[in-house]
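A closer look at the structure
Here are the chains, one letter per residue:
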Amino acid sequence: MGKERKERKESRERGEGGQKLHGGAMHFCTECSHGAFSQCLESACSLIQPPDASRGKMVALVLLFFFAAWPLLSASAHNTSAGCAIIRPPRDGGIRYRGLTQEQIRSVQVVPVDYEIEYICRGNRVIAGPKVRKCLPTGTWTDLDQQSRCLLLCPRVWTSLENGRVSSWPPGLPVEATVLRYSCLPGFILMGPNSTQCNKLGKWDTPKPVCHYDRHFKAPGKKKLYIGALFPMSGGWPGGQACLPAAKMALALVNQRSDILPDYELELIHYDSMCDPGEATKLLYDLLYTEPIKIVLMPGCSSVSTLVAEAARMWNLIVLSYGSSSPALSNRQRFPTFFRTHPSATLHNPTRVQLFQKWKWTKIATIQQTTEVFTSTLDDLEERVKEAAIEISVRQSFLTDPAVAVKNLKRQDARIIVGLFYETEARKVFCEVYKEKLYGKKYVWFLIGWYSDNWFKINDPAVNCTVEQMTEAVEGHVTTEIVMLNPETVRGASNLTSQEFLEQLTSKLGGKNSEETGGFQEAPLAYDAVWALALALNKTVGPLKAKGRRLEDFNYNNRDVTAEIYRALNTSSFEGVSGHVIFDAQGSRMAWTLIEQLQGGSYKKIGYYDSTKGNLSWYGNDKWIGSGPPADQTMVIEEFRYLSQKLFVSMSVFSSVGILLGIICLTFNIYNSSVRYIQNSQPYLNNMTAVGCMMALAAIFPLGIDGLHVRRKHFPVVCQHLEPWKLYATVGVLLAVDFFSLVIWQIVDPLHITVEKFTREAPKGDLDVLIQPLLEHCTSEKMNTWLGVVYGYKGLLLLLGIFLAYETKSVSTEKINDHRAVGMAIYNVAVLCLITAPVTMILSSQQDASFAFASLAIVFSVYITLVVLFVPKMRRLITRGEWQSDAQETMKTGSSMNNNDEEKSRQLERENKELQKIIQEKEERVSELRNQLSERQALRSRRRPSTVSNQNNSAGQVGMPATDPRSLAPPPGYPAPAPDLHAVPPSFGNSSSLYRPDGKTGRNNCHASRLQMLYK
């Protein structure tokens, strides 16, 4: 707007084609017939010359002629079929041509039909008369019979008078020539002039009068006090259908009472707000700016009450609502003069918290429709449950579709759910609840109690669930509802009981069905609202009279009367048909809460809660699908995982048998320590090996000890004393290094008990619990670091042992005769350690598998070590009886042989026996060959008897070559063998002539020749 005005100003000061408008910026060419606001045309007006005395009269005559002929000229100019001719603006004003540019305005002379122009004025002037004109099809402008002028506006303060009346002529804005006439209400005296007029300078010509109270005035009859009310007879909540008749019933009784406002009569001025803030704004304007003055405003629904209460403080008006439940209205900074007989929606929350505590719930969930009333209610609930140490674990909201919100409640294991939504959305919510199975003995829903009793049975096209499904889903839910009808049979301020009130209201409604009448439940609140107002006004009469004031003195600028009414309402306390009426510090009604539960498809009363006294009246008839109220969350039972006792016993038996075997081996080794074969196997090292094996097997027992065998308070001590053996029992060497390393470990980073938690498991059976498996470990802060150090140097020792065993596998020494068995044992331990160490770390969370793997590794390594080291020695000594032969030979000879000679003699004896077997086989072969030769000789003697002897001699010389004397010599370092008659079998005595008697081919020589081959 400012930019347009600036452009218009510049266009007025600067014309096109070098034309310039001289004079003021807002000067108009009013003397020219074509003058216009936004035009500076060359042919429109001639330049105005400075006036002088000689031309003044001529100009005056021209102007007089022009104004006399203007009506005829304008009529002929306007009467055109193409549209309307441009007209001149009022003095000190201009015309705004909508949709036209500056160039179009300069060139156009006629505007089309239905085109509108708007008059604007300069400075603080305003239009008096038509502001907008429209081109008619007849070629004329609308309202040409009414003149539009730009006049100065006089102050509006003169247009109102406290305790009086002001009439204006002509009606409308107080502009130049407007006359105001004043008069005072009965009981007041006018001080000052009774009329005033607005002059051309925009000022009233007389001071404003005042009306003073006449103390000697006595008014005949009762004086009326007016109440401005908005009753929604239609719209989202048609509560006025029952609340308006109830309010009229209360007014009739109040006006009949002689003890309540005896000098006054209350009158209700009401309109239908349709529960629409936009419509209520218009009606509020009518209530405030039309006579008579209203002393109190009574709106209905929350949205209208918010608008009225926020604007009422500007007029110093008290607002008393009968049907507003929004928690946002409980804000004294925003709504300082607001009261309501309808309790706030937050009044449900103390009741809900009381029920949560009664049923020992500490965890709840909420789902709400995203509206202001439910958001405020939920914020208040969150503060209250926080004070009561109750947690809101899940908070979901939705706008129109609750499907996602309900799924989130199911996914997050919500059990106790508070639902805040309207009735139509409630059907959508519980249809999704049925689909997600979010109902039954594990769940409890808390809903608002002001739904209709059969809300879940209503066929709703927006819900795709059957009535049976909805009935199943809503069964058992709990509702909290404000008590709007006194459950006790008492007569209150109106001398009516609640039942008598209902009978009279039903009669006044003409027998209409209460369920079909809007606001029937809230009707007692409207009835008590009128009584609360009447009692408060009656209470203010005395204090106001002491101050020289009266209720009828109230006007929108009088704060004293408003303050007295506020104090009276704030201290109200009486029995009404809706119960005890009392307001809290925020102006909200404090009332009882009814608690109901849906049982078998119908609501049953299970208790009341008085929020003023914190008293819960419980009937004890609540019913649950299960044995009682469900848990607020899945109960988690902590269950420690213990080692399988069957596995522990089995490993203990194997360990015990291994320890017994180790004792036997150790005893055997010690008992036979004097035997040279045992002495040659380093018996002391073998004894240490046997002891280490027994200690490794003994480590299986503490390895399987857990909380099942030891009390929890003793478990840390067991951890510190037994756990190191679990780690190092497989190794039996370097005890000193192990001891000092364990001591340092315990000092720097001692072992302690820790509990490992696993994924929760569902128990067997239909139980609303979950099992939380727990496993106890003995560990330290830097367990992996210490294990890495230990495994590192132990692994290096094993590698060193493997290397030495491999390098000495082919070494034969007379001091250690079992080095190959030791090497095999080292291989066995190394392989099992390399496998067991990482596997047990991986399986640490599986107690049975970890224990079984470690125990079996110990058992196998120990058993293999004992068997490899000791069983061959036992077998040799038992099968050969070497410890007996050594003792007997020592007694016979009386001398001791060194270990080397004894071993050689035994070896020669074995070889002698083997050679005897070979010689016997050869003799059998020679005998066979001799027989074959005899048969051949006999055959030849028949043919050539004369040559038999020669052939026999030649055959003998060729078949037996001469024997080398060196072959009869013994091997180097060995003595010559003595004749051993026992070594030659008897068959050698019957040898044939094939063996010559000269000794070259004797059987002893043959025996000696075989010795050289044996010792090569």
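Residues numbered from 1 in each chain as written. Predicted model: local features only at pLDDT ≥ 70, side-chain atom pairs only at ≥ 80, totals over all residues. Heavy atoms only, no water.

**Remarks on helix H14 (residues 559-570)**
We count it as follows: Secondary structure elements follow DSSP: runs of H or I no shorter than four residues count as helices, runs of E no shorter than two count as strands, and numbering proceeds from the N terminus. Every helix has an expected span of 1.5 Å times one less than the residues it contains. Burial classification: accessible surface area is computed with a 1.4 Å probe over protein chains only, and a residue below 20% of its type maximum counts as buried, one above 50% as exposed, and the rest as partly exposed. The arc under discussion is defined with respect to the helix axis, by the directions toward the C-beta atoms. Whether two residues are in contact is decided by their heavy atoms: any pair within 4.5 Å suffices. Two N or O atoms form a polar contact when they lie within 3.5 Å of each other; inside protein one atom must be a possible hydrogen donor and the other a possible acceptor, and for residues adjacent in sequence the pair counts only when both atoms belong to side chains.
In this model H14 runs 16 Å from its N-terminal to its C-terminal C-alpha over 12 residues, within 8% of the 16 Å that 1.5 Å per residue would give. Taken together, the buried positions of H14 are Val561, Thr562, Glu564, Ile565, Ala568 and Leu569. The buried residues of H14 occupy an angular sector of 165° when the element is viewed end-on, so they sit on one face. As for H14, its buried residues are in contact with strand E15 (294-298), strand E16 (318-321), strand E17 (338-340) and helix H13 (523-546). A side-chain oxygen of the first residue of H14 lies 3.0 Å from the backbone nitrogen of aspartate 560; this N-cap is asparagine 558.

**Digging into the pattern of salt bridges**
The condition is simple: By definition, a salt bridge exists where a carboxyl oxygen of Asp or Glu is found within 4 Å of a side-chain nitrogen of Lys or Arg.
The tally for this structure, following the rule as stated, stands at 24 salt bridges. Its salt-bridge partner being glutamate 552, residue lysine 223 comes within 3.9 Å of it at the nearest N-O pair. One end of the pair, lysine 223, is in strand E13 (residues 223-230); the other, glutamate 552, is in the loop between H13 and H14, with 329 residues separating them in the sequence. The buried category is assigned to glutamate 552, whose relative accessible area is 15%. The salt bridge partner of arginine 427 is glutamate 423, with a shortest N-O separation of 3.3 Å. With arginine 427 and glutamate 423 both in helix H10 (residues 423-436), this residue pair falls four residues apart, about one helical turn. One continuous salt-bridge network, built from bridges that share partners, spans Lys223, Arg550, Glu552 and Asp553.

**As for the side chain of arginine 550**
Checked against the element boundaries, arginine 550 lands in the loop between H13 and H14. Among the polar contacts made by the side chain of arginine 550, one reaches the side chain of glutamate 552 at a distance of 3.0 Å.

**Points about the sheet that holds strand E4 (residues 116-121)**
Sheet strands pair by backbone hydrogen bonding; their relative direction is either parallel or antiparallel. The condition that has to hold: A pair of strands is treated as paired once DSSP finds two or more bridges between them. Axis lines are fitted through C-alpha atoms, for helices just across the contact stretch, and the angle between N-to-C directions can take any value from 0 to 180 degrees.
Reading across the sheet, the three strands line up as E2-E4-E6 and stay open at both edges, with antiparallel pairing between neighbours. With partners counted over all chains shown, the strands left at the sheet margins are strand E2 (93-97) and strand E6 (132-134), one partner each. Here the strands of the sheet are splayed against their neighbours by 25° on average, with no regard to which way each runs. Examined bridge by bridge, E2 and E4 share five bridges and lie antiparallel to one another. Bridged to glycine 93 within E4 is cysteine 121.

**A closer look at the nonpolar core**
Quick note on the threshold: What is meant by a nonpolar core is a set of buried Ala, Val, Leu, Ile, Met, Phe, Trp, Tyr and Cys residues, joined one to another through side-chain atoms within 4.5 Å.
Counting residues in hydrophobic clusters, the biggest one holds 74 residues, and the most contacted among them are Leu266, Met298, Phe501, Tyr527, Leu537 and Leu551. Broken down by element, this core gets its largest block of residues, 12 residues, from H13. Among residues more than four places away in sequence, those in contact with phenylalanine 501 are Ala246, Met249, Leu485, Ala523, Pro524, Tyr527 and Val577. Judged by nonpolar contacts, the second largest core, of 54 residues, contains Leu409, Cys431, Trp445 and Ala473.

**Let's talk about unusual backbone geometry**
The peptide bond linking tryptophan 169 to proline 170 adopts the cis configuration, its omega dihedral lying at -5°. Within the secondary structure, proline 170 is located in the loop between strand E8 (164-169) and strand E9 (179-184). Of the consecutive residues glutamate 291 and proline 292, the connecting peptide bond is found in the cis state with omega at -5°. Within the secondary structure, proline 292 sits in the loop between helix H5 (277-289) and E15. For alanine 177, which is not a glycine, the phi torsion comes out positive at approximately 80°. Mapped onto the elements of the fold, alanine 177 is located in the loop between E8 and E9. Look at alanine 177 and you get partly exposed, because its relative accessible area is 39%.

**Digging into the packing of aromatic side chains**
This is how the line gets drawn: The aromatic pairing rule takes the rings of Phe, Tyr and Trp, using the six-membered ring of Trp, and pairs them if the centres are within 6.5 Å, calling planes under 30 degrees apart stacked, those over 60 edge-to-face and the rest tilted.
Applying the stated criterion across every chain yields a total of 25 aromatic pairs. Relative to tryptophan 315, the ring of tyrosine 289 has its centre 6.3 Å away and its plane inclined at 85°; by these criteria the two rings are edge-to-face. With tyrosine 289 in helix H5 and tryptophan 315 in the loop between helix H6 (302-312) and E16, the pair connects residues that are 26 residues apart, well separated along the chain. Classification of tryptophan 315 as partly exposed rests on a relative accessible area of 23%. Summarising the aromatic geometry, the rings of tryptophan 361 and phenylalanine 446 are spaced 6.2 Å apart at their centres and angled 85° between planes, so their arrangement reads as edge-to-face. With tryptophan 361 in the loop between helix H7 (348-358) and strand E18 (363-369) and phenylalanine 446 in strand E21 (residues 444-448), this residue pair connects regions lying 85 residues apart in the sequence.

**Quick notes on the sheet that holds strand E29 (residues 752-757)**
Spatially, the three strands line up as an open sheet ordered E28-E30-E29, and their pairing is mixed. Across the chains shown, the open sheet's two edge strands, defined by having one partner strand only, are strand E28 (635-640) and E29. Direction aside, the axes of adjacent strands within the sheet are offset by 35° on average. In this sheet, strand E30 (residues 769-779) lies alongside E29 in antiparallel orientation, the contact comprising six bridges. Across the sheet, histidine 752 pairs through a bridge with threonine 779, a residue of E30.

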